[in-house]
Amino acid sequence: MTRRHHALWLGALLGGMVLALCSAPAWSEDTVLKTEAFGTLRRPVAIFDHDTHNEKAGLDDCAICHHVYQDGKLVKDSSSEDQACSDCHALKRQGRQPGLREAYHGACVGCHKSKGKGPVACGQCHQR
Ligand code: HEC
Ligand code: HEC
Ligand code: HEC
Ligand code: HEC
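Residue positions are given per chain, counted from 1 along the sequence in the order it is written. Chain A is the first chain written and ligand 1 is the first ligand written, with later ones labelled in order. Owing to the predicted nature of the model, reporting of local features is limited to residues with pLDDT of at least 70; listing and counting of side-chain atom pairs is limited to 80 or more, with chain, interface and lining totals taken over all residues. In computing side-chain values, all of the structure's heavy atoms are included and hydrogens and water are not.

J.: I would appreciate a short explanation of the coordination of the iron atom of ligand 4 in the present structure.
T.: For a metal with four tetrahedral donors the ideal donor-metal-donor angle is 109.5 degrees, while six octahedral donors give ideal angles of 90 or 180 degrees. The iron atom of ligand 4 binds to the protein through His 105 (NE2) and His 126 (NE2), with metal-donor distances spanning 2.0 Å. Note on donors: an N, O or S atom is included if it sits within 2.8 Å of the metal, or within 3.2 Å for Na, K and Ca, and water is never included, so sites can look incomplete. Geometry assignment treats four donors as tetrahedral when all angles are between 85 and 135 degrees, treats four as square planar and six as octahedral when opposite donors are over 155 degrees apart and all others between 65 and 115, and treats everything else as irregular. The site at the iron atom of ligand 4 holds six donor atoms, and with the angles between them running 87 to 180°, its shape is octahedral. Here the residue His 105 occupies a position in helix α4 (residues 100–115), and His 126 occupies one in the segment after α5 (122–125), the gap between them amounting to 21 residues. Here a helix means four or more residues in a row that DSSP labels H or I, a strand means two or more in a row labelled E, and each is numbered from the N terminus.

Structure (structure tokens):
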């Protein structure tokens, strides 16, 4: 590749990146939260930039959030990242299995409270 081609190519790449950044909505394209099961949302979708969040929070074990239970026991070395939280958690609690909103809040707010890090106020996660 000649130097000039290189510069053109780099310019196009940077231009594309700037465009991508400018067109991203406030809660980013990386939001993976599956909210369909809630129907009409009462709050704006929570902020959750999956990979950036987990890197910053130092979470390497996927099963901290994507857990698998069998007969009420957590199954070690097994994770369920191929499933949505709503695949297992119905809107309403079923025995020891919390309802969907409780499941999210239990995982997210629960950890933030126990670590004393991360948002715990409604409007910090559910941002307009
Ligand atoms: C802090 C909790 C947390 C951790 C740790 C975590 N995830 Fe997730 N992940 C989520 C949530 C929440 C969702 C959205 C699921 C939903 O809303 O049903 C998700 C979604 C996903 C999805 C689906 C993406 C999509 O768009 O369909 C994949 C794949 C995934 N996670 C993989 C992983 C892997 C691999 C790891 C470990 C390296 C991991 N996750 C660690 C919370 C976490
Ligand atoms: C494969 C099915 C399955 C998936 C997928 C799943 N859960 Fe669960 N979850 C369960 C079961 C079963 C229980 C009840 C465990 C018990 O018997 O105590 C549970 C319990 C919980 C609890 C309370 C106990 C605890 O471990 O803190 C929270 C919070 C929770 N889930 C959050 C989530 C979130 C958030 C997601 C998505 C990232 C998710 N769950 C995905 C099956 C699942
Ligand atoms: C196992 C612990 C843990 C779980 C589970 C967890 N978080 Fe966090 N979260 C943290 C920590 C630790 C921080 C602070 C990271 C830092 O030092 O900046 C954080 C920070 C955040 C922040 C601040 C901005 C950012 O990305 O750093 C947001 C927003 C957030 N979490 C949302 C969520 C949501 C939504 C969920 C549930 C889907 C969730 N978190 C689940 C530990 C957790
Ligand atoms: C750490 C982040 C976090 C905090 C703090 C938090 N939530 Fe949530 N909340 C979530 C996540 C994640 C979901 C599931 C995905 C979504 O709807 O954004 C959720 C779901 C909900 C839902 C069901 C979906 C809907 O919009 O109808 C309601 C209602 C809700 N939260 C209200 C609240 C209220 C009220 C507070 C304060 C008392 C609060 N949340 C605090 C992360 C948070």
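J.: How should I be thinking about the site of ligand 1 in this particular structure?
T.: Taken together, 15 residues sit near ligand 1, with His 50, Cys 62, Cys 65, His 66 and Tyr 104 positioned nearest. Distance and chemistry together define a polar contact, namely a pair of N or O atoms within 3.5 Å, with one atom able to donate a hydrogen and the other to accept it when in protein, and with adjacent residues in sequence counting only for side-chain atoms on both sides. The side chain of Tyr 104 places a nitrogen or oxygen atom 2.6 Å from an oxygen atom of ligand 1. When residues of the shell around ligand 1 are assigned to their parent elements, the largest contribution, three residues, is made by helix α2 (residues 50–56). Three classes are used, and their members are as follows: Ala, Val, Leu, Ile, Met, Phe, Trp, Tyr, Cys and Pro are nonpolar, Asp, Glu, Lys and Arg are charged, and the others, Gly among them, are polar. A class-by-class count of the residues in the shell around ligand 1 yields nine nonpolar, four polar and two charged. Whether a residue is near a molecule or strand depends on its heavy atoms: if one lies within 4 Å, it is near.

J.: Can you help me understand the packing of aromatic side chains in this one?
T.: The description of an aromatic ring pair uses the distance of the two centres, along with the angle that the planes make with each other. Here a pair means two rings of Phe, Tyr or Trp (six-membered ring of Trp) with centres within 6.5 Å. Their orientation is stacked below 30 degrees between planes, edge-to-face above 60, and tilted elsewhere. Summed over all chains, the structure comprises one aromatic pair. Residues Phe 38 and Tyr 104 carry aromatic rings whose centres are separated by 6.1 Å and whose planes lie at 40° to one another, so their mutual orientation is tilted. You can see Phe 38 sitting in the loop between α1 (3–23) and α2 and its partner Tyr 104 sitting in helix α4, a full 66 residues away along the chain. Only protein chains enter the accessibility calculation, which uses a 1.4 Å probe; a residue is then buried when its area is under 20% of its type maximum, exposed when over 50%, and partly exposed in between. Owing to a relative accessible area of 27%, Phe 38 belongs among the partly exposed residues under this scheme. Looking at Tyr 104, the relative accessible area reads 15%, which means it is buried.

J.: Can you walk me through the coordination of the iron atom of ligand 1 in this structure?
T.: Each protein donor to the iron atom of ligand 1 is listed here as His 50 (NE2) and His 66 (NE2); together their distances run 2.0 Å. Judged by relative accessible area, His 50 falls into the partly exposed class, the value being 24%. Overall, His 66 belongs to the partly exposed group, its relative accessible area being 22%.

J.: Help me out: how do you make sense of the site of ligand 4 in this one?
T.: In the vicinity of ligand 4 there are 20 residues, among which Ala 46, His 105, Cys 122, Cys 125 and His 126 approach most closely. Within the backbone of Arg 42, a nitrogen or oxygen atom sits 2.8 Å from an oxygen atom of ligand 4. Within the side chain of His 126, an N or O atom sits 2.8 Å from a nitrogen atom of ligand 4. Counting residues per element, the ones that place at least two in the shell around ligand 4 are α4 and α5. For the shell around ligand 4, the leading source of residues is α4, giving six residues. Here the shell around ligand 4 is built from residues that sort into 13 nonpolar, four polar and three charged.

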